[in-house]
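So the chains spell out like this:
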Amino acid sequence: GATIGILGGGQLGRMLSVAASRLGLRTHVFEPGANPPAGHVADAVTTASYEDHDALAEFAASVDVITYEFENIPTAALDVLQELRPIRPGREALRVSQDRLTEKTFLTDLGLRTAPFADITDADSLAAALEVIGTPAILKTRRFGYDGKGQARILGPEDAAKALEDMRGAPAILEGFVEFSCEVSVIAARSADGSVACFDPGENIHREGILRTTTVPARLSGKQRTDAVLLAAQILNALNYVGVMGVELFVTPQGLLVNEMAPRVHNSGHWTQNGCTIDQFEQHIRAVANWPLGDGSRYADVQMENLIGDDLDRLPELAREADTAIHLYGKGAVKAGRKMGHVNRIIRG
Ligand code: ATP
Ligand code: MG
Ligand code: MG
């Protein structure tokens, strides 16, 4: 069988490895950090930095196709890898999604709607943007933000200076605050032949910037569900995308706004492990390994709950719950805000 190269050895890389293994494929994980969660399940692990171009080339030569669990792969590393093996999803998806400004510009160029946004380089551009966008607003670093890190709320002009300081000189964008009725995400997949399949949209609840739960079905009308799936398909087609993508949406009375997209399997798609015959991880592996997409239709109502930090203390009770599947990531140290695992609860009507 073929070998899938996976950049990143976190929980997403781990669950991709498990899915590949079930399909009789081998996996080789590239991860700079020691003792990565994916290391326990992958067939091979390379521990090296993305600056080590020899190690990258050796890794690439040992696999048939390269995929990734996170979007912040350095461009120079991608250049080395691309010479040797196909990277799926492709470079364009990474380029667009590595930077919130590029991403929002791409989305609005496609005719999709986002929160109002502006490029912020200094106090003057922030003051000018606040004039147009108004408050409340959110200042976000353009790159490297996740779990709500690198964001500062601006409730009034008096918060501007402090918010800019919080960016520590990093390029940023200002976003108008969206009064959404709920947040949903679409986990969408596209194969090399251009077929697209979307999982049923899930409804997301965040706390302190971190995803806590995803529930399916989301509280959406038929029209909203159709709009969500169509706009995700439009994004995948525009990028000639191969693999799974997570698209986060704000539901508003005026329609759906795109919050952000992630060119990879997504935390809000973990419910598919226990709600569908083919989950997001297998779907991604199928796409990048040139298999036909699988049947991702939903056969159960599910609530996914992330186990963050000392939520793990509840494991004894969780293990006794009926209809609850436990997924742990094998991370050593428990830290506040660290995703340690998740549970998928089947909801019986
Ligand atoms: P992730 O871990 O999903 O990658 P992130 O750090 O990239 O998160 P965002 O998705 O941009 O952060 O924001 C985190 C959450 O903050 C959103 O899911 C939403 O609840 C809230 N949020 C972000 N931007 C806005 C906005 N413009 N208006 C209202 N709420 C927002
Ligand atoms: Mg994000
Ligand atoms: Mg997000």
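Predicted model only: the values in this text are computed from it and were never measured.

A tally of regular secondary structure across the protein chain gives 11 helices and 17 strands. Radius of gyration (C-alpha) of the protein chain: 20 Å, near the 20 Å computed for a compact globule of 349 residues. For the protein chain, the spread of C-alpha atoms along the three principal axes comes to 60 × 55 × 40 Å. For the protein chain, the residues scored as buried account for 44% of the 349 residues in total.

Before going further, it helps to spend a moment on the domain arrangement of the protein chain. In terms of domains, the protein chain is made up of domain 1 (3-87), domain 2 (116-176) and domain 3 (182-347). Relative placement of domain 1 and domain 3: their C-alpha centres are 22 Å apart. When contributions to the side of domain 1 that touches domain 3 are tallied by element, the ones reaching two or more residues are helix 1 (11-22) and strand 4 (65-68). Tallying contributions element by element places helix 1 first for the side of domain 1 that touches domain 3, with eight residues. Of the residues contributing to the side of domain 1 that touches domain 3, the split by class is 13 nonpolar, four polar and three charged.

Looking now at the sheet that holds strand 3 (residues 44-46). Taken together, four strands build an open sheet; the order of strands is 3-2-1-4 and the sheet is parallel. Each edge of the sheet is formed by a strand with only one pairing partner; in this case those strands are strand 3 and strand 4. Sheet twist, expressed as the mean angle between neighbouring strand axes with direction ignored, is 25°.

Turning next to the nonpolar core. Core analysis: the biggest nonpolar cluster contains 83 residues, and Leu16, Leu174, Ala188, Ala232, Val247, Leu249 and Ile285 have the highest contact counts within it. The residues contacting isoleucine 285, other than those within four sequence positions of it, are Ile4, Leu16, Ala19, Ala20, Leu23 and Leu25.

Quick look at the sheet that holds strand 5 (residues 117-120) now. Read across the open sheet, the four strands follow the order 5-8-6-7; overall the sheet is antiparallel. Only two strands of the sheet have a single neighbouring strand rather than two, namely strand 5 and strand 7 (151-154). Across the sheet, the axes of successive neighbouring strands diverge by a mean angle of 25°, strand direction being ignored. Note that strand 6 (residues 137-141) and strand 8 (residues 172-176) share five bridges and pair antiparallel. Among the inter-strand pairings, threonine 141 is bridged to a residue of strand 8, identified as alanine 172. Strands in contact with helix 6 (residues 123-133) are strand 5, strand 6 and strand 8; relative to strand 5, the strand with the most contacts, it is inclined by about 170°.

Parameters at a glance
- Residues numbered from 1 in each chain as written.
- Chains lettered and ligands numbered in written order.
- Predicted model: local features only at pLDDT ≥ 70, side-chain atom pairs only at ≥ 80, totals over all residues.
- Helix = DSSP H or I, 4+ residues; strand = E, 2+ residues; numbered from the N terminus.
- Rg over C-alpha atoms; globule rule 2.2 N^0.38 Å.
- Buried ≥ 20, exposed ≤ 12 C-beta atoms within 10 Å, placed from the backbone.
- Domains from an automatic or database assignment.
- Nonpolar A, V, L, I, M, F, W, Y, C, P; charged D, E, K, R; others polar.
- Pairing = 2+ DSSP bridges.
- Axes fitted to C-alpha atoms, helices over the stretch in contact; angles between N-to-C directions.
- Core = buried A, V, L, I, M, F, W, Y, C linked by C-beta atoms within 7 Å.
- Contact = placed C-beta atoms within 7 Å.

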